[in-house]
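Report on the structure
Read off the chains here:
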Amino acid sequence: MNTLNATIKSIQTVDNLNIVAFTSHEQTLKMMSLDLTENIQVDTLVNLHFKPTTVSIAKNITGELSIGNQLAVKILSLEIGELLSVLHLGFYDYTLESIITTSSLKRMDLKVGDNVTALIKSSDLSIKEVL
C-alpha cells in the first residue's frame, strides 16, 4: 500500500459527497468521499493511502486529462515479471509503487531513471489516519 502525508487544503460538500483537497510537497491531490469524520478538517495533517494497482503511469503527457492527481516522479527501480511489473517511484522522500502490465512497460520503453507522471483517480485515494 502506498502512503503519503498531506495537509487538508479544502473540503467541498454537496449533499453526502465530499471533495477533499490536500497538499503534499506543493502538489495538490483530491479525494472523493461519501463520509468524513469530525476530525477531518482544513489544515489537518493526514496520511493518505492508495493501492499500487490504482497508480497509472504516463510518459510525455500532452493535453488535458480528467485525472487531476498527477505526481511528477522518477523511476527508482523495476521488478519485471512475465505479466505484471512493479515500478518503484521516487516522490520527494517517499517511495511509491505502481503495478502495470509488462506489455505496457515495454511499449512505453520505461527504464530506471525515467521521469514520468503517476496518475491516481480521486476515487482511489483515501485517508488512512489523522496525524
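Just above sits the structure.
The structure displayed is predicted, hence computed values, not measured ones.

**Topic: the overall build of the protein chain**
Counting its secondary structure elements, the protein chain contains one helix and ten strands. The order of α-helices and β-strands along the protein chain, N terminus first, is β-β-β-β-β-β-β-β-α-β-β. Computed over the C-alpha atoms, the radius of gyration of the protein chain is 15 Å, within 12% of the 14 Å expected from 2.2 N^0.38 for a compact globule of 131 residues. Overall, the protein chain is about 45 × 30 × 25 Å in size when its C-alpha atoms are taken along their principal axes. Here the protein chain, with 131 residues, has 38% of them falling under the buried criterion. A fraction of 64% describes how many contacts in the protein chain between residues 6 or more apart in sequence connect residues 24 or more apart. With an accessible surface of roughly 7,700 Å², the protein chain has 48% of that area assigned to carbon and sulfur atoms.

Conventions and cut-offs
- Residues numbered from 1 in each chain as written.
- Predicted model: local features only at pLDDT ≥ 70, side-chain atom pairs only at ≥ 80, totals over all residues.
- Heavy atoms only, no water.
- Helix = DSSP H or I, 4+ residues; strand = E, 2+ residues; numbered from the N terminus.
- Rg over C-alpha atoms; globule rule 2.2 N^0.38 Å.
- Buried < 20%, exposed > 50% of the residue type's maximum accessible area, 1.4 Å probe, protein only.
- Contact = heavy atoms within 4.5 Å.
- Areas by Shrake-Rupley, 256 points an atom, 1.4 Å probe, with all protein chains shown as cover.

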